[in-house]
Amino acid sequence: MTYSGAVKVGGGADVHELQDLMISKVAVGPMDNNAYLLRCRATDEQLLIDAANDAETLLTLIGDDGIASVVTTHQHGDHWQALAAVVEATGARTHAGREDTVGIPVPTDVPLVDGDTVQVGRVSLTARHLVGHTPGSIALVYDDPHGHPHVFTGDCLFPGGIGNTHQDPQAFASLLTDVETKIFGTLPDETWVYPGHGNDTTLGTERPHLAEWRQRGW
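No experiment lies behind these values; they were computed from the predicted model shown.

Cut-offs and rules
- Residues numbered from 1 in each chain as written.
- Predicted model: local features only at pLDDT ≥ 70, side-chain atom pairs only at ≥ 80, totals over all residues.
- Heavy atoms only, no water.
- Helix = DSSP H or I, 4+ residues; strand = E, 2+ residues; numbered from the N terminus.
- Rg over C-alpha atoms; globule rule 2.2 N^0.38 Å.
- Buried < 20%, exposed > 50% of the residue type's maximum accessible area, 1.4 Å probe, protein only.
- Areas by Shrake-Rupley, 256 points an atom, 1.4 Å probe, with all protein chains shown as cover.
- Lys, Arg positive; Asp, Glu negative; His and termini not counted.
- Charge placed at Lys NZ, Arg CZ, Asp CG, Glu CD.
- Arc of directions from axis to C-beta.
- Polar contact = N/O pair within 3.5 Å; in protein donor to acceptor, adjacent residues only side chain to side chain.
- Pairing = 2+ DSSP bridges.
- Axes fitted to C-alpha atoms, helices over the stretch in contact; angles between N-to-C directions.
- Contact = heavy atoms within 4.5 Å.

Take the overall build of the protein next. Each helix and strand counted, the protein has five helices and 15 strands in total. Relative to the compact-globule value of 17 Å for 218 residues, the protein shows a C-alpha radius of gyration of 16 Å, a close match. Its C-alpha atoms put the protein at 50 × 35 × 30 Å along the principal axes. Burial status across the protein gives 52% buried among its 218 residues. A total accessible area of about 9500 Å² is found for the protein, and carbon and sulfur atoms account for 49% of it. Averaging the positions of the 12 positive and the 29 negative side-chain charges in the protein gives two centres separated by 4 Å.

Taken residue by residue, helix H3 (residues 169–184) has Ala171, Phe172, Leu175, Leu176, Asp178, Val179, Lys182, Ile183 and Phe184 as its buried positions. The buried side chains of H3 occupy one side of the element, clustering within an arc of 160° when seen end-on. Turned more than 90 degrees away from the buried face of H3, the exposed residues are Pro169 and Gln170. If you check the start of H3, you find a side-chain oxygen 2.9 Å away from the backbone N of Gln170, and it comes from Asp168.

Moving on, we come to the pairing of strand E8 (residues 117–120). In E8, alternate side chains face the same way, and those of Val118 and Val120 are buried while those of Thr117 and Gln119 on the opposite face are not. In terms of strand pairing, E8 meets strand E9 (residues 123–129) through four bridges, oriented antiparallel. Within the sheet, the bridge partner assigned to Gln119 lies in E9 and is Ser124. Hairpin connection of E8 to E9: two residues between the antiparallel strands, including Gly121 at a positive phi of 60°.

Read across the open sheet, the seven strands follow the order E1-E2-E3-E4-E5-E6-E7; overall the sheet is mixed. Since the sheet does not close on itself, it has two edges, and those belong to strand E1 (14–17) and strand E7 (110–112), each with one partner. Put simply, the sheet's adjacent strands are angled 20° from each other on average, direction ignored. Bridge count between strand E5 (residues 69–72) and strand E6 (residues 93–97): four bridges; the pairing is parallel. Counterpart to Thr72 in the pairing with E6 is Ala96. Sheet contacts for helix H1 (residues 55–62): strand E2 (21–28), strand E3 (33–40) and strand E4 (46–49); angle to E2, the most-contacted strand, approximately 160°. Running over the sheet, helix H2 (residues 83–90) touches E4, E5 and E6 and is turned about 165° from E5.

Moving on to the sheet that holds strand E14 (residues 192–195). Where strands meet in a sheet, backbone hydrogen bonds hold them as pairs that are either parallel or antiparallel. Read across the sheet, six strands follow the order E8-E9-E10-E11-E14-E15 without closing on themselves; strand pairing throughout is mixed. Single-partner strands in this sheet number two, and they are E8 and strand E15 (201–202). In terms of strand pairing, E9 meets strand E10 (residues 138–142) through four bridges, oriented antiparallel. Across the sheet, the residue bridging to Thr126 is Val141, located in E10. Against the sheet, H3 engages E9, E10 and strand E11 (150–154), with an angle of about 155° to E9.

So, about the environment of Leu38. Tracing the backbone shows Leu38 in strand E3. Leu38 gets classed as buried once you look at its relative accessible area, which sits at 0%. Spatially, the C-alpha atoms of Leu38 and Val15 are 9.8 Å apart, while their sequence positions differ by 23 residues. Ignoring anything within four residues of it in the chain, the contact list for Leu38 reads Leu21, Met22, Ile23, Glu45, Gln46, Leu47, Ile49, Val120, Leu125 and Phe152.

In structure tokens, the structure reads:
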């Protein structure tokens, strides 16, 4: 079936099948958080992005093969409610942005900085540090050698705008500048965007509105 990225809490996962990577998206918890299970098709190694909530749903999605790693995109509590349970059940190594590790109650095995590589089997993801929603928010970029890139943006980029900066002009300017330079400035319009909540988008859909976002201030 064609991947749409439209998922609902209590519903099944939507699976984006790429040549080297399978991406399963599921919605969990009262804030409709997205969690993403990445599976290397060559090795079957798996990585989870945001153990946000509902450990039972996430562990069912993970299945008997377990996960090698879990990446928490940022320190806000709705993105790590199931982290302790998932780590306990799987023994996964934990990754998070270095500046956000103090806000995550499960110890971070691998603090990430901008440009770090995160492996899932033979697939490499690049961490991009985006400052403003939180001090240490991390996006993960998969530059698919067989097609367009894919980027997991946490709460830093959504359809229609960047993440919440709580009416702080400095935080807003920082986040928008980082998103413009590190995401829009380095990736093509075809790049698929997987956000921390809600539906997916592409950079090409959002790019024409960057000046509008800066003018409106949110």
